[in-house]
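# Per-entry structural report
In case you want the letters, here they are:
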Amino acid sequence: MPQFDLANVFLPQLFWLSVLFAILYFGVVRLTLPKLGNVMEERENKVSGDIELAEKAKLASDKLNEDYQIGLASARDEARKMLADAKSKAAASVEKKSTNAQKKADESIAAAQVEIEKARTSAMQEIETVAADGASSIVERLTGKAPSTAVVTKATKSVFA
Amino acid sequence: MANPMEQFEIKDIAPIAYGQYDLSFTNSALWMALALVSVAIFLFVGTAKPQLVPGRWQAAVEYLYDFVRKMLDDNVGPEGRKFAPLIFSLFIFVLACNMLGMIPWVGSFTPTSHISVTLGLAVLVFVIVCVVGFWKHGLHFFSLFWPKDTFFPLAVFVACIEFLSFLSRPFTLAIRLFANMTAGHVLLKVFGTFVVSLGLFSDLPFILGILPLTVTIALTGLEVLIAVVQAYVFALLASIYLNDAINLH
């Protein structure tokens, strides 16, 4: 194997390996990788910062949403209360109006009844008068002599009573 | 039949010598340099203008970087992060060498199929682990080998074994990668030569070559997988060894 021809292959390869590996380490890797390391760290920070920011924004929006829901619920309650108020007010006013109307109707019914009673009494009196007149005429014709008004009135009254 | 070992031959491109030492620029060095250039392009383009929202190149580099950082977080803990550039360099260098070697071309070469290269990287890991361990814990680092709450003679025995296994780490780390790469390329080469020799069978030309060709294609897929997995294993073991040095179990 040529690899074990140590006298001829060992030294030159080792020499060039040392030179080239030193150049690789100090001249290439040492110059380039730290730059990349910085960028990677920066990126990590940026990403975690962004995530934090997003979490904060989410919390804020959650709070906003909660507030909105609370506001919505209270507005709904208020509306419900107002509706109930309006309903009860309307019911009260309707009741009041209907009681008033009932009262008026009662009053006019009472007045009408009084009127009717009056009319009836006067009608009765007229009938009594007419009946008395009739009766006295009949008695005059039969007896030839008109009875006294007091007797006639008494007689008719006893009939109508 | 061509020698399947020929592909691992080191060829001088520019002979250089420092005194008596041979420091020639070879095909192995060329492919390591190509790996370096590819990685450099990948990283410099990917991090040219780092954006908060990454483009394709940046996303690709970030993916690998994140992968290495996660591996260190899982295996070492929070203190592992400062070793991310080192583990990343090891991972991407081994990966680039492995993958460039998979280019199906006669001239391509896999530096990680040479134990010199893998041993170099493994020794680097070993030295860093030792330095970190002694720097952080001083001589207390040796307690890494001592099993807790164990019968004393047994503990001595286990400590010896632990110490030997610790010393053998650079070799196992190196040999694992080198052997995987070498075996894969030998296998590809062998089936590649079968395509030619069977395809030349004169009574039934071309037909017989189809079978080894199919195998070669399937093996190429497998080798790509192995190239990635071995780079991952190398980086993973390096971070596990670092964990020993930093946390002492």
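Preceding this paragraph is the structure being described.
Please read all numbers here as calculations on a predicted model, not as lab measurements. Every chain begins its residue count from 1, and numbering advances along the sequence as written. To read the labels, note that chains go from A and ligands from 1, taken in the order they are written. Only residues with pLDDT of at least 70 get local features here, since the model is predicted, and only at 80 or more are side-chain atom pairs given and counted; chain-wide, interface and lining totals rely on the full set of residues. Derived side-chain values reflect all non-hydrogen atoms in the structure, with water molecules and hydrogen atoms excluded from consideration.

### A short note on the overall build of chain A
The cut-off we apply is this: Numbered from the N terminus, helices here are DSSP runs of H or I no shorter than four residues, and strands are runs of E no shorter than two. Burial classes: relative accessible area under 20% of the type maximum marks a residue as buried, over 50% as exposed, and values in between as partly exposed (1.4 Å probe, protein chains only). Working definition of accessibility: Shrake-Rupley area with a 1.4 Å probe, residue cover restricted to the visible protein chains. The convention is simple: Lys and Arg are positive, Asp and Glu are negative, and His and the chain ends are not counted. By convention, the charge on Lys lies at NZ, on Arg at CZ, on Asp at CG and on Glu at CD.
Summing up its helical and strand segments, chain A has two helices and zero strands in all. In terms of overall dimensions, chain A has C-alpha extents of about 195 × 30 × 15 Å along its principal axes. Considering chain A as a whole, with its 161 residues, one finds that 15% of them fall into the buried category. Of the roughly 12,400 Å² of accessible surface on chain A, a fraction of 63% belongs to carbon and sulfur atoms. Across chain A, the 22 positively charged side chains and the 22 negatively charged ones have centroids separated by 8 Å.

### A closer look at a nonpolar patch on the surface
What counts is decided by this rule: A patch consists of residues whose relative accessible area exceeds 30% and which take part in no salt bridge; residues with like charges are grouped when within 9 Å of each other, and nonpolar side chains (Val, Leu, Ile, Met, Phe, Trp, Tyr) when within 5 Å. A carboxyl oxygen of Asp or Glu within 4 Å of a side-chain nitrogen of Lys or Arg is what we treat as a salt bridge.
The grouping of Phe194(B), Leu198(B), Phe201(B), Leu204(B), Ile207(B), Leu208(B) and Ile210(B) at the surface amounts to a nonpolar patch, some 590 Å² of accessible area in total. Positionally, Ile210(B) belongs in helix H6 (residues 210-247).

### Notes on the interface of chain B and chain A
This is how it is decided: By definition, residues are in contact when any of their heavy atoms lie within 4.5 Å. The term buried area denotes the loss of accessible surface (1.4 Å probe radius) that occurs when two parts are joined, taken as the sum for both partners. In the analysis that follows, any N or O atom pair within 3.5 Å is treated as a polar contact, provided that within protein one partner can donate a hydrogen and the other can accept it, and provided that, for residues neighboring in sequence, both atoms belong to side chains. All amino acids are sorted into three groups, where Ala, Val, Leu, Ile, Met, Phe, Trp, Tyr, Cys and Pro are nonpolar, Asp, Glu, Lys and Arg are charged, and the leftover types, Gly among them, are polar.
Every contact between the two is made by 49 residues of chain B and, on the other side, 34 residues of chain A. Of the roughly 3,800 Å² buried at the junction of chain B and chain A (both faces included), carbon and sulfur atoms supply 79%. Linking chain B with chain A are one salt bridge, by the criterion used here. The partner of Arg43(A) in a salt bridge is Glu62(B), with the nearest N and O atoms 2.7 Å apart. On inspection of chain B and its partner chain A, the count reaches 10 residue pairs in polar contact (both at pLDDT 80 or more). For the side of chain B that touches chain A, the elements supplying multiple residues, two or more each, are strand E3 (21-22), helix H1 (27-46), helix H2 (56-75), helix H3 (84-100), helix H4 (115-137) and helix H5 (152-199) of chain B. Looking at the side of chain B that touches chain A element by element, the count peaks at 10 residues for H1(B). Per-class residue counts for the side of chain B that touches chain A are 32 nonpolar, 12 polar and five charged.

### Some details on unusual backbone geometry
Residue and element names in this part refer to chain B. Residues other than glycine seldom take positive phi values, yet Asp-149 does so here, at roughly 50°. Mapped onto the elements, Asp-149 comes out in the loop between H4 and H5. Overall, the relative accessible area of 83% leaves Asp-149 in the exposed class.

### Side note on the nonpolar core
Quick note on the threshold: Put simply, a nonpolar core is a bunch of buried Ala, Val, Leu, Ile, Met, Phe, Trp, Tyr and Cys residues held in one set by side-chain atoms that sit within 4.5 Å of each other.
Formed by 72 residues in total, the largest nonpolar core has its most connected members in Phe88(B) and Phe93(B). Counting only elements with at least two residues in this core, the list comes to helix H1 (6-143) of chain A together with H1, H2, H3, H4, H5 and H6 of chain B. When residues of this core are assigned to their parent elements, the largest contribution, 13 residues, is made by H3(B). Among residues more than four places away in sequence, those in contact with Phe88(B) are Val29(A), Leu33(A), Leu43(B), Leu64(B), Tyr65(B) and Val68(B).

### Considering the side chain of Ser28(B)
Positionally, Ser28(B) belongs in helix H1. Once residues lying within four places of it in the same chain are set aside, the contact partners of Ser28(B) are Gln13(A), Ile10(B), Phe109(B), Pro111(B) and Val117(B).

### So, the packing of H1(A) against H1(B)
Going by this rule: Only the stretch in contact is used when fitting a helix axis, every axis being a line fitted to C-alpha atoms; angles between N-to-C directions are given from 0 to 180 degrees. In this scheme, roughly parallel covers angles under 35 degrees and roughly antiparallel covers those over 145, while 65 to 115 is roughly perpendicular and the rest are oblique.
It is at 10 Å that the axes of H1(A) and H1(B) come closest, and there the two elements cross at 5°. Taken together, H1(A) and H1(B) sit at an angle that is classed as roughly parallel. On the side of H1(A), the interface is formed by Gln13(A), Trp16(A), Leu17(A), Leu20(A), Ile23(A), Leu24(A), Gly27(A), Val28(A), Val29(A), Leu31(A), Thr32(A) and Leu36(A), while H1(B) contributes Ser28(B), Ala29(B), Met32(B), Ala33(B), Leu36(B), Val39(B), Ala40(B), Leu43(B), Phe44(B) and Gly46(B). Its residues assigned to classes, the contact of H1(A) with H1(B) comprises 17 nonpolar, five polar and no charged.

Take it as geometry only, folks, not as evidence of what the structure does.
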